[in-house]
Amino acid sequence: MSVSNQTATTFVIVLIGPPGAGKGTQCEQLAATLKIPHISTGHLLREYAGRSSGVGQQVKNFIDAGNLVPDSLVMNVLEERTRRRDCDAGFILDGFPRTYAQAKLLQMTLLSSWKAFDLRVLQLIVPKPILLARLSSRLICPVCGTGYNATTKPPLRNRMCDLDGQALITRDDDLASTVLERLRIYEEQVPALINYYRQCGVLTDVDGNRTVREIAADFLRALSLHPPLDLEKTAAQPAHFGSQTEDESR
Ligand code: AP5
Ligand code: MG
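Below you will find a few notes about this structure. (Residues numbered from 1 in each chain as written. Chains lettered and ligands numbered in written order. Predicted model: local features only at pLDDT ≥ 70, side-chain atom pairs only at ≥ 80, totals over all residues. Heavy atoms only, no water.)

## Thoughts on the overall build of the protein
Threshold: Secondary structure elements are defined from DSSP: runs of H or I of at least 4 residues count as helices, runs of E of at least 2 residues count as strands, and each element is numbered from the N terminus. Whether two residues are in contact is decided by their heavy atoms: any pair within 4.5 Å suffices. For accessible areas, the Shrake-Rupley method is used with a probe of radius 1.4 Å. Any residue's cover is judged against the shown protein chains and nothing else.
A tally of regular secondary structure across the protein gives nine helices and seven strands. Partitioning the intrachain contacts of the protein with sequence separation of at least 6 by distance along the chain shows that 72% fall at a separation of at least 24. When the accessible area of the protein is evaluated, it comes to approximately 12,300 Å², of which 54% is carbon and sulfur surface.

Here it is in structure tokens:
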């Protein structure tokens, strides 16, 4: 991967948390507030899985089984996304890294691609029964990726995306048995990952079992940024997933 020609410090925020912890929800807020992209490897990989290629089908099989997609493929989609110009000032990683090995790969990528970067890691902590309840009622927009919840964040119109009017769907991997497998893998992998970032001195734990707004304010405090007066207003536009034009690519 080539070294970027940008010179200022790049702000890299990593959000770690189990399935249903609210990573996507908080990243939407944070991306809108900080005006840097939200990069969800889960979303990028689901796009990949939607392709009719053989590799697309393989990725879909991994996701639908609740397994991790191989690192080589995840790194390809991640590096393709972070090479775009809109990442020069910074970006928020949602769902990457998930293992100690991926954390080391990220570190190598950052060192080789950015002249200076400021890495912060936030860990969302949520009890398992709450995670299961959230995932059993989650809805998403298949086009823009905006997340909803039939119980805690219903769309304005019945099962339609507030932003683009698309019919909302449930994720294939939110099947109860798949959720349990995703949680099992998370619990298996996260101790080494957390231990690594704690030793690096970049990790902050955040109680994710509160309102979206309270957690968002805590994130800004953890990042030493002042909470804006009205976080709700800043959440209107999803700055995530955005497909950039060729002109914006590096
Ligand atoms: P990914 O899409 O990243 O899934 P995940 O990590 O399992 O997390 P979720 O997206 O399910 O939950 P979330 O924390 O984003 O919660 P959300 O904000 O939606 O990955 C999917 C798959 O892709 C993986 O299993 C793997 O196969 C593959 N993959 C991805 N990254 C990979 C990698 N690095 N390496 C290898 N494979 C990879 O919230 C959940 C619900 O709760 C929503 O309905 C929301 O409205 C609601 N909610 C959120 N916050 C609150 C709150 N505070 N109060 C009440 N309700 C809330
Ligand atoms: Mg998510």
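## Let's talk about the site of ligand 1
Put simply, the test is: Residue proximity to a molecule or strand is established when one non-hydrogen atom of the residue lies within 4 Å of it. Polar contact criterion, stated in full: a pair of N or O atoms within 3.5 Å, where within protein one must be able to donate a hydrogen and the other to accept it, and residues adjacent in sequence count only if both atoms are side-chain atoms. Charged means Asp, Glu, Lys or Arg here, nonpolar means Ala, Val, Leu, Ile, Met, Phe, Trp, Tyr, Cys or Pro, and polar covers whatever is left, Gly included.
In the vicinity of ligand 1 there are 34 residues, among which Thr 25, Asn 67, Arg 98, Arg 138 and Arg 182 approach most closely. A distance of 2.5 Å separates an oxygen atom of ligand 1 from a polar backbone atom of Asn 67. Contact distances for ligand 1 include 2.9 Å between a nitrogen atom and a backbone N or O atom of Gly 95. For ligand 1, the accessible surface in isolation is 1,000 Å², of which the surrounding protein chains cover 95%. Ranked by residue count, the leading element in the shell around ligand 1 is helix H2 (residues 41-49), at four residues. Its residues assigned to classes, the shell around ligand 1 comprises 13 nonpolar, 12 polar and nine charged.

## What about the packing of aromatic side chains?
In plain terms, the rule: Note on aromatic pairs: the rings of Phe, Tyr and Trp (six-membered ring only in Trp) are paired at centre separations within 6.5 Å, and the planes decide the class, stacked below 30 degrees, edge-to-face beyond 60, tilted for the rest. When accessible area is computed with a 1.4 Å probe and restricted to protein chains, residues below 20% of their type maximum are described as buried, those above 50% as exposed, and intermediate ones as partly exposed.
Under the defined criterion, the tally for this structure stands at three aromatic pairs. Ring centres of Tyr 196 and Tyr 197 lie 5.1 Å apart, and the angle between their planes is 50°; this geometry places the pair in the tilted category. We note that Tyr 196, like Tyr 197, is buried. Taken together, the ring pairs connect Tyr 100, Tyr 196 and Tyr 197 into an aromatic cluster.

## Notes on unusual backbone geometry
In the segment running from Phe 96 into Pro 97, the intervening peptide bond is cis, with an omega of -5°. For Lys 35, which is not a glycine, the phi torsion comes out positive at approximately 60°. Judged by its relative accessible area of 71%, Lys 35 is exposed. You will see that Arg 159, though not glycine, has its phi angle at about 55°, which is positive. Position of Arg 159 among the secondary structure elements: in the loop between strand S6 (147-149) and helix H7 (176-200). With relative accessibility at 42%, the residue Arg 159 sits in the partly exposed group.

## As for H2
Taken across its nine residues, H2 has seven buried, putting it largely inside the fold. Within the span of H2, buried status applies to Thr 41, Gly 42, His 43, Leu 44, Leu 45, Tyr 48 and Ala 49. In the core, the buried residues of H2 are packed alongside strand S2 (38-40), helix H3 (54-64), helix H4 (71-82) and strand S3 (90-94).

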